[in-house]
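# Close look at the chain arrangement
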Amino acid sequence: MVVQGILWILYGLLLQPEPGTATLPLRMDSVIQALAELEQKAPATEAGHTASAWLLSALDSCAHNPLHHFLLEGQSLKTTKLDPPSLSPELQGLIVEVARHGVGDGKECGVVLASDGSTVAVEPLLAGLEAGLQGNRVVNLPLDSTATPPDAGVNFPDIGATVPDVRATSPGLRDTSSDITCADVGAVSPNVRATDLDVQVTSPDVQASSADTQAKFPTTVDSLLVVTLARDLGLNFLQGPQTWSHSLGTEGCWDQLSFPRTFTLLDPEASTLTTAFLNGALDGALLGDYLSRSPEPRPPLSRLLSQYYGAGVAGDPGFRSNFRRQNGAALTPTPILTQQVWGALILLQRLEPAHPQLQGMSQEQLAQVATHATKEFTEAFLGCPAIHPRCRWGAAPYQGRPTPLQLPLGFLYVHHTYVPAPPCTDFERCAADMRSMQRFHQHTRGWDDIGYSFVVGSDGYVYEGRGWHWVGAHTLGHNFRGFGVALIGNYTAELPAEAALRAVRDELPRCAVRAGLLRPGYALLGHRQLVRTDCPGDALFNLLRTWPHFDKNVKPRTARRASRRSRRASR
């Protein structure tokens, strides 16, 4: 219970700004530091205090989020107020800044830079931690979703006070200005009573199997998946096809990596389902699931987050933020997530009868929205590699004028970098390798930019080089015809990490084909099949021969002897 109390105190501090506080870089390490400070003072708190008790004292002027309140806060509401231990002014100022996620004027707020180079929205992360600490509950849905909701102002049974919610408003209704505050948000429907909705909270073992949920009306929702991901997916895709091109996974750039303060989106028309939000939602769902399955005493949150955004939770290098998409796909199979999105929309219809996007929507229409939202999320986000944009690794400007590619292309050319020879296994090293290669290509080779279209590290990430739209300098005589993808390392005698291989073999081409950038019948070739070179190394090339789309009809060309320096890259 002490761990849970720490999170509730943090929620309260999120919404009590202290004027005149100094600014800190918007980094996940700072959020972890704030949690660690609170945990050091935890013995002075009463373990029985809960989230909603503190939110009651901190949020009585804010608008409600009925779904979050209904699924999480209302179930454990206490009337006793909790006085939080004080954070340092700097940390309290930072926590206030990241309290709420929002998008407006081309900027994204409520996000922080993690040590793996990813940007993470804090709000859905904390929602997942809260749900996980309360248990991975399954909530039975009302069968009659069109019944008239209860009158305003009623409370949960055995609860002495009503509690507003942390979130300001639904994603589809959020204020588009850069300043997102409680005052900017119109009130939504009040708290409702579980008995009036005919909704029951039960244990997870009553949840229907994925086979049963695929075609049936949802009868349950998982509170963890709803508050982190399903609700926001459903509401964003309710807005109609005109917004779908901007719905998923917009990336952005920090003003500076050494002291990040402002995050500017690469698509100024982006929806709130940015890469940072989806990262935070997945992290919240994964860590919440872990907490819900962990026996008491649960690990301190500061330690859990340090491990997750570091070397891996409990020493497992596969359970860390670098691999959130792969782990998220395992946690949210398509049939299950579709049911969760549909169920979230059903609950919202009951809790917010005046919601303009849900009024008059039939169950068939809600099911179609849920199916489409899940399909897009699964295929366009979970199924695609996480790509760090150029600004993230500190790319120098392009020298000259780039030449556009005539898309879609028909070839994917695979390289190894040779130098740098050691595979990079963390963001700091991979980003440094990218800058080193770009300097070599620009200053020594005299090229306009780094030659490759994309570069793949052994840290779980792909790094944008010239990208999808500009002619590269990777495969002499063939740069206009295909994308050049390099794996960092020397793969003459050994193979890259499986995550790197998966990105090149499956994820990157699959997403390029889906986006119309690469032809479905594309051919995959090793660099040595077109240019006299040892690239991409004997071990890697022998593996390429076994891959789908490998063109065995193009015979390798005999490499001429070359100096180590000249083999770093060839055009």
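This one's a predicted model, so the numbers in the text were calculated from it and none came from an experiment. Think of each chain on its own: its residues are numbered from 1, step by step along the sequence as written. Under the rules for a predicted model, residues below a pLDDT of 70 receive no local features and side-chain atom pairs below 80 are neither given nor counted, while totals for whole chains, interfaces and linings still include all residues. Side-chain metrics in this entry use all non-hydrogen atoms of the structure; hydrogen atoms and water are not considered.

### Observations regarding the overall build of the protein
Formally: Only DSSP runs of H or I covering at least 4 residues are called helices, and only runs of E covering at least 2 are called strands; the numbering of each starts at the N terminus. Whether two residues touch is decided by their heavy atoms; if any such pair falls within 4.5 Å, the residues are in contact. Computed by Shrake-Rupley with a 1.4 Å probe, the accessible areas treat only the displayed protein chains as cover when residues are assessed.
Within the protein one finds 18 helices and 15 strands. Counting contacts in the protein only where the partners sit at least 6 residues apart, residues at least 24 apart contribute 81% of the total. Accessible surface, the protein: about 22100 Å² in total, of which carbon and sulfur atoms supply 51%.

### Considering the pattern of salt bridges
Side chains carrying opposite charge are able to pair once their charged atoms draw close together. What counts is decided by this rule: Whenever Lys or Arg places a side-chain nitrogen within 4 Å of a carboxyl oxygen from Asp or Glu, that contact is recorded as a salt bridge.
Considering all chains together, one arrives at 15 salt bridges under this definition. Residue K375 pairs with E379 through a salt bridge whose shortest N-O separation is 3.2 Å. Of the two residues, K375 and E379 both sit in helix α14 (residues 363-382), four residues apart, roughly one turn of that helix. Taking the shortest distance from any N to any O, the salt bridge between R505 and D506 comes out at 3.0 Å.

### A closer look at helix α13 (residues 334-351)
As a reminder, the rule being used: A helix is expected to span 1.5 Å for every residue after the first. Categorising residues by exposure relies on relative accessible area from a 1.4 Å probe, with only protein chains included: less than 20% of the type maximum marks a residue as buried, more than 50% marks it as exposed, and the intermediate range marks it as partly exposed.
For α13, spanning 18 residues, the distance from its first C-alpha to its last is 26 Å, which sits close to the expected 26 Å at 1.5 Å a residue. Extensive coverage of α13 is indicated by the burial of 15 of its 18 residues.

### Let's talk about the packing of helix α9 (residues 223-237) against α13
Using the following cut-off: To get an axis, fit a line to the C-alpha atoms, keeping to the stretch in contact for a helix; angles then go from 0 to 180 degrees between the N-to-C directions. Every angle not falling under 35 degrees, over 145, or within 65 to 115 is termed oblique; those three ranges are roughly parallel, roughly antiparallel and roughly perpendicular. Any residue outside Ala, Val, Leu, Ile, Met, Phe, Trp, Tyr, Cys, Pro, Asp, Glu, Lys and Arg is labelled polar, Gly included; the first ten of those are nonpolar and the last four are charged.
At a minimum axis separation of 8 Å, α9 and α13 run at an interaxial angle of 80 degrees. Accordingly, the angle class assigned to the pair α9 and α13 is roughly perpendicular. From α9, L225, V226, L229, A230, R231, L233, G234 and L235 reach across to α13, where they touch L337, Q340, V341, A344, L345 and L348. A per-class count over the contact of α9 with α13 returns 11 nonpolar, two polar and one charged.

### Describing the state of the cysteines
Quick reminder of the rule: The definition used for a disulfide is geometric: two cysteine sulfur atoms within 2.5 Å.
Summed over the entire model, instances satisfying the criterion amount to three disulfides. Covalent S-S linkage joins C384 and C511, the inter-sulfur distance amounting to 1.9 Å. Looking along the S-S bond of the C384-C511 disulfide, the torsion reads about -115 degrees, which is the left-handed sense. Taken together, the residues span a long stretch of sequence, with C384 in the loop between α14 and β10 (387-388) and C511 in helix α17 (residues 498-514) at a distance of 127 residues. Take C384: its relative accessible area is 12%, and that puts it in the buried class. Note on cysteine connectivity: C424 is disulfide-linked to C430, with sulfurs 2.0 Å apart. What sets the handedness of the C424 and C430 disulfide is the S-S torsion sign, and at about 95 degrees it is right-handed. A relative accessible area of 0% places C430 in the buried class.

### A closer look at the sheet that holds strand β15 (residues 518-526)
Formally: Each pair of strands is called paired provided DSSP finds at least two bridges between the two strands.
Strand order in this open sheet of six strands is β10-β13-β12-β14-β11-β15, and the pairing throughout is mixed. One side of each edge strand has no neighbouring strand; the edge strands of this open sheet are β10 and β15. The strands touched by helix α16 (residues 427-444) within the sheet are β10, β12 (454-456) and β13 (462-464), with β13 carrying the most contacts at an inclination of about 35 degrees. Strands in contact with α17 are β10, β11 (409-416), β12, β13, β14 (482-487) and β15; relative to β15, the strand with the most contacts, it is inclined by about 150 degrees.

### Section: helix α6 (residues 122-134)
Here α6 spans 19 Å end to end across 13 residues, near enough to the 18 Å set by a 1.5 Å rise per residue. Of all 13 residues that make up α6, 13 are buried, and the element is covered over most of its length. Positioned one or two residues after α6, G135 has a phi angle of 110 degrees, which is positive.

### Topic: the nonpolar core
Note the following rule: Residue types Ala, Val, Leu, Ile, Met, Phe, Trp, Tyr and Cys, when buried and joined through side-chain atoms within 4.5 Å, form a set referred to as a nonpolar core.
With 79 residues, the main nonpolar core has M28, L71, L233, L287 and F377 as its most contacted residues. Apart from the residues within four sequence positions on either side, L71 is in contact with R137, V139, S223, V226, V227 and L347. In terms of nonpolar packing, the next biggest core, distinct from the first, is built from 28 residues, V456, L518, L524 and F541 among them.

### Overview of unusual backbone geometry
With an omega of -5 degrees, the peptide bond running from E296 to P297 counts as cis. Position of P297 among the secondary structure elements: in the loop between α10 (275-293) and α11 (301-308). Backbone geometry places Y418, a non-glycine residue, at a positive phi of 65 degrees. Relative to the elements of secondary structure, Y418 occurs in the loop between β11 and α16. Taking relative accessible area as the criterion, Y418 reaches 15% and is therefore assigned buried.

### Notes on the environment of G249
Looking at the secondary structure, you find G249 in the loop between α9 and β8 (252-254). Remark: the alpha-carbon pair of G249 and F377, spanning 128 residues in sequence, is separated by 8.9 Å. Once residues within four sequence positions are removed from consideration, G249 is found in contact with L273, T274, T275, L278 and F381.

### Some thoughts on the confidence of the model for the protein
Under the convention used in this document: Values of pLDDT, the confidence the predictor places in each residue, fall between 0 and 100.
On average, the protein scores 80 in pLDDT, and the residues at 70 or more come to 72%. Scored below 50 in pLDDT, residues 15-22 makes 14 contacts in the model with residues more than four places away or belonging to other chains. Contacts for the low-pLDDT stretch residues 561-570, under 50 throughout, to residues beyond four places or in other chains number 27 contacts.

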